[in-house]
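Observations on the three-dimensional arrangement
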Amino acid sequence: MLRTLTTTAFLVGLAVPAQAQNFTTANEVRPILDATKGSWVAVREYDGKDLLYFTHLLAWRCGLDQIHYALNGGSERQFDAEPCYEDEPQPNAIKAEDKLPYVVFDLKSIDLVSVRLVYDDGTEAVTSYERAQIMTP
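Given the structure is predicted, the values throughout are model-derived calculations rather than measurements.

Looking at the overall build of the protein
When its secondary structure is counted, the protein shows four helices and eight strands. Put simply, the protein runs from its N terminus to its C terminus through helices and strands in the order α-α-β-β-α-β-β-β-β-β-α-β. By the burial criterion, 34% of the 137 residues in the protein qualify as buried. In the protein, the proportion of contacts linking residues at least 24 apart, taken out of those at least 6 apart, comes to 59%. Accessible surface computed for the protein: about 8600 Å², of which carbon and sulfur atoms make up 52%.

Here it is as structure tokens:
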């Protein structure tokens, strides 16, 4: 019966659910991060400071070993992301109360942000953003 239903659904153009993925490996998160490269980080001016947000990367951090960033061509720093909860139903959940999704800098001090991701398979992805590209209201 299931085979008949699946075949019928295909014939009438209905979508048949694909097998679910947990998005916990480089192979699963790389296509998403490649497609959303413009959203990896964001800058927000708040309370007289520049806040550099990593929220998007945190949502897809399973499959990443490291997140590095550099400001204005300076030295690279590692962003300390919360762990992936691989043994839980939502491994990418953001739930740490002692880790902020951003780093604080002096107001107007961020002109250029470079980001380097290291995936769990050892491959890397690198991109850079000018302040205007990643400013949020």
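Moving on from the coordinates now.
Section: the sheet that holds strand 2 (residues 49–53)
Strand order in the open sheet made by the four strands is 5-2-1-8, with mixed pairing throughout. Both edges of this open sheet fall to strand 5 (102–106) and strand 8 (135–136), since each of them pairs with a single strand only.

Digging into the environment of Glu 97
Mapped onto the elements of the fold, Glu 97 is located in the loop between strand 4 (77–79) and strand 5. Overall, Glu 97 belongs to the exposed group, its relative accessible area being 81%. Considered as a pair, Glu 97 and Glu 82 are 15 residues apart in the sequence and their alpha carbons are 9.7 Å apart.

Details of the packing of aromatic side chains
The final tally for this structure, using the stated rule, is five aromatic pairs. Measuring from ring centre to ring centre gives 6.4 Å for Tyr 69 and Phe 105, while their planes differ by 75°; the resulting arrangement is edge-to-face. Remark: Phe 105 occurs in strand 5 and Tyr 69 occurs in strand 3 (residues 64–71); sequence separation between them is 36 residues. Comparing Tyr 69 with Phe 105 shows no difference in burial state: the two are buried. Members of the aromatic cluster, each reached through a chain of ring pairs, are Phe 54, Tyr 69, Phe 79 and Phe 105. For Arg 30, the ring lying beneath its charged end belongs to Tyr 119, and the centroid distance is 4.7 Å. Directly above the aromatic system of Tyr 85 lies the positively charged group of Lys 95, at a separation of 4.2 Å from the ring centroid.

Re a negative patch on the surface
On the surface, Asp 65, Glu 86, Asp 87 and Asp 120 cluster together to form a negatively charged patch. Relative to the helices and strands, Glu 86 resides in the loop between strand 4 and strand 5. Using a relative accessible area of 54% as the deciding quantity, one classes Glu 86 as exposed.

Here is what the cut-offs are and how they apply
- Residues numbered from 1 in each chain as written.
- Predicted model: local features only at pLDDT ≥ 70, side-chain atom pairs only at ≥ 80, totals over all residues.
- Heavy atoms only, no water.
- Helix = DSSP H or I, 4+ residues; strand = E, 2+ residues; numbered from the N terminus.
- Buried < 20%, exposed > 50% of the residue type's maximum accessible area, 1.4 Å probe, protein only.
- Contact = heavy atoms within 4.5 Å.
- Areas by Shrake-Rupley, 256 points an atom, 1.4 Å probe, with all protein chains shown as cover.
- Pairing = 2+ DSSP bridges.
- Phe/Tyr/Trp six-rings, centres within 6.5 Å; stacked < 30°, edge-to-face > 60°.
- Lys NZ or Arg CZ within 6 Å of the ring centre and 35° of its normal.
- Patch = residues over 30% accessible without salt bridge, like charges linked within 9 Å, V, L, I, M, F, W, Y side chains within 5 Å.
- Salt bridge = Lys/Arg side-chain N within 4 Å of Asp/Glu carboxyl O.
- Lys, Arg positive; Asp, Glu negative; His and termini not counted.
- Charge placed at Lys NZ, Arg CZ, Asp CG, Glu CD.

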